[in-house]
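Breakdown of the fold
Here is what each chain is made of, one letter per residue.
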Amino acid sequence: MQNYLTQRGDKIALLTPTFTPYIEIPELERYNFDVVHVQASGVGENGFHTWQYPDSELDKLKDPEIKVAFVVNPSNPPSSAMSTKTLNYIADIVKNHNPELMIITDDVYGTFINNFRSLMSVIPENTINVYSFSKYFGCTGWRLGTIAIYENNIFDKKIVALSDDRKKELHDRYATLTLEPEKIKFIDRLVADSRQVALNHTAGLSLPQQFQMMLFSAFCLLDTQDVYKTLTQSIIQKRLKLLWEGLEVPIIEDPMRAGYYSEIDIMVAAEHFYGNEFADWMKKNFEPVDVLFRLAEKTAIVLLNGGGFAGPEWSIRVSLANLPTDSYLILGKNVRKVIMEYLTSWENSKKQ
């Protein structure tokens, strides 16, 4: 916005479900963006979500009024990466329908999927890539991360194409940084504006943060056999299988599933196990968050509602990064137990 690539009230796209700040920030008065949701509504053979994006949803991105698309890939909370088909479909939309679409892709969970591909690999010119060290190294709160932009990018081109009045404003804004402010690349403007330009000398990460990130990076370079990566992936996948084993739902292998989180749609489970009549009765008699309160009250398990992430209202979000591995089998069994309680109440209501 500071460089006039977007303006207050612009139309943007959110690929959902997504991390909650991506939902909340556009609603702030400063931005007041017109938000279009592109929903990952794909369903697998067993009736459970695949969390992939149907072409009909992705087609929303063809609208040239959509200026920016915000992506979390692999997603949060479904924790599924975009398929190659989806990546190519979005790339085709950008090239043939909306060539000025700007994409911000948050790829923090990419390290949990083998052969992961980012949108930056298929449409680098239009993409800002965001990555955080926090999930891979378990350092949430340190705020260690990177932003990458392709050298020959649409952001710099759009700044060059601004009106003379806009260019004059930006010249004055960045004049304290260099004798030729108009030549400052967008990536460097991002750094400067992180401290509102005037404090550019303190922009970016602090020295302790830089040192910590250097150690993490050096560790990855030295681990040429990817021992740590293999270990973290195996732990996550084991916990995921135990969770769904407790739910008594066979988990279908999916190379696109990171497994850092799991989003369980209680309504899909209700229909899957006991039919539409039972599911309709639940919808009529309970609120979606009732499941969460029952889990907390009866099992001391506290989870989040998937609806808060712009996912299905009856879904619940489970993080597979926090608890001891064996706990996830217990967690899954308790979710199944709560569903059984609803079933008992439904069956009793039919007898009355």
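Quick caveat, the model's predicted, so the values are computed rather than measured.

Attention now goes to the nonpolar core. Counting 76 residues, the largest nonpolar core has Phe278 and Met282 as the members making the most contacts within it. At 8 residues, the largest contribution of residues to this core is made by helix α12 (residues 327-351). If we skip the residues at most four places from it in the chain, Phe278 touches Ala270, Ile339, Tyr342, Leu343 and Trp346. Val36, Ile66, Ile103 and Val122 belong to the second-largest nonpolar core, a separate cluster that totals 22 residues.

Note on placement: Phe19 falls in the loop between β1 (11-16) and α1 (20-24). The spatial distance from the C-alpha of Phe19 to the C-alpha of Asn348 is 39 Å, given a sequence separation of 329 residues. Look past the residues within four positions of Phe19 in its chain and what remains in contact with it is Val72, Asn76 and Phe309.

Further remarks concern the packing of aromatic side chains. Under the counting rule described, the total for this entry stands at 24 aromatic pairs. With 4.2 Å between their ring centres and 15 degrees between their planes, Phe137 and Phe216 make a pair best called stacked. Of this pair, Phe137 sits in the loop between β5 (127-132) and β6 (145-149) while Phe216 is found in helix α7 (residues 207-222), placing the two residues 79 residues apart along the sequence. A residue is classified by how much of its surface remains accessible, and Phe137, at 14% relative accessible area, is buried. Overall, the relative accessible area of 14% leaves Phe216 in the buried class. Pairwise contacts between aromatic rings join Tyr109, Phe112, Tyr131, Phe133, Tyr136, Phe137, Phe216, Phe219, Tyr228, Tyr260 and Tyr261 into one cluster.

This part takes up the sheet that holds β6. A sheet is described by the order of its strands in space; here 6 strands give the open sequence β2-β1-β3-β4-β5-β6, paired in mixed fashion. The open sheet has two free edges, formed respectively by β2 (34-39) and β6, since each of these has just one partner strand. In this sheet, adjacent strand axes meet at a mean angle of 20 degrees when their direction is disregarded.

A separate point is the pattern of salt bridges. Evaluation of the coordinates by the stated rule reveals 15 salt bridges. The residue Lys85 makes a salt bridge to Asp55 at a minimum N-O spacing of 2.9 Å. Taken together, the positions of Lys85 in helix α3 (residues 84-96) and Asp55 in helix α2 (residues 55-58) put the pair 30 residues apart, joining distant regions of the chain. Classification of Lys85 as exposed rests on a relative accessible area of 53%. Among the ionic pairs, Lys183 bridges to Glu180, the shortest N-O distance being 3.2 Å. Since its relative accessible area comes to 39%, Glu180 is described here as partly exposed. Through salt bridges that share partners, Lys11, Asp63 and Glu65 make up one connected network.

Conventions adopted
- Residues numbered from 1 in each chain as written.
- Predicted model: local features only at pLDDT ≥ 70, side-chain atom pairs only at ≥ 80, totals over all residues.
- Heavy atoms only, no water.
- Core = buried A, V, L, I, M, F, W, Y, C linked by side-chain atoms within 4.5 Å.
- Buried < 20%, exposed > 50% of the residue type's maximum accessible area, 1.4 Å probe, protein only.
- Helix = DSSP H or I, 4+ residues; strand = E, 2+ residues; numbered from the N terminus.
- Contact = heavy atoms within 4.5 Å.
- Phe/Tyr/Trp six-rings, centres within 6.5 Å; stacked < 30°, edge-to-face > 60°.
- Pairing = 2+ DSSP bridges.
- Axes fitted to C-alpha atoms, helices over the stretch in contact; angles between N-to-C directions.
- Salt bridge = Lys/Arg side-chain N within 4 Å of Asp/Glu carboxyl O.

Read these as layout, nothing more, since geometry by itself doesn't imply function.
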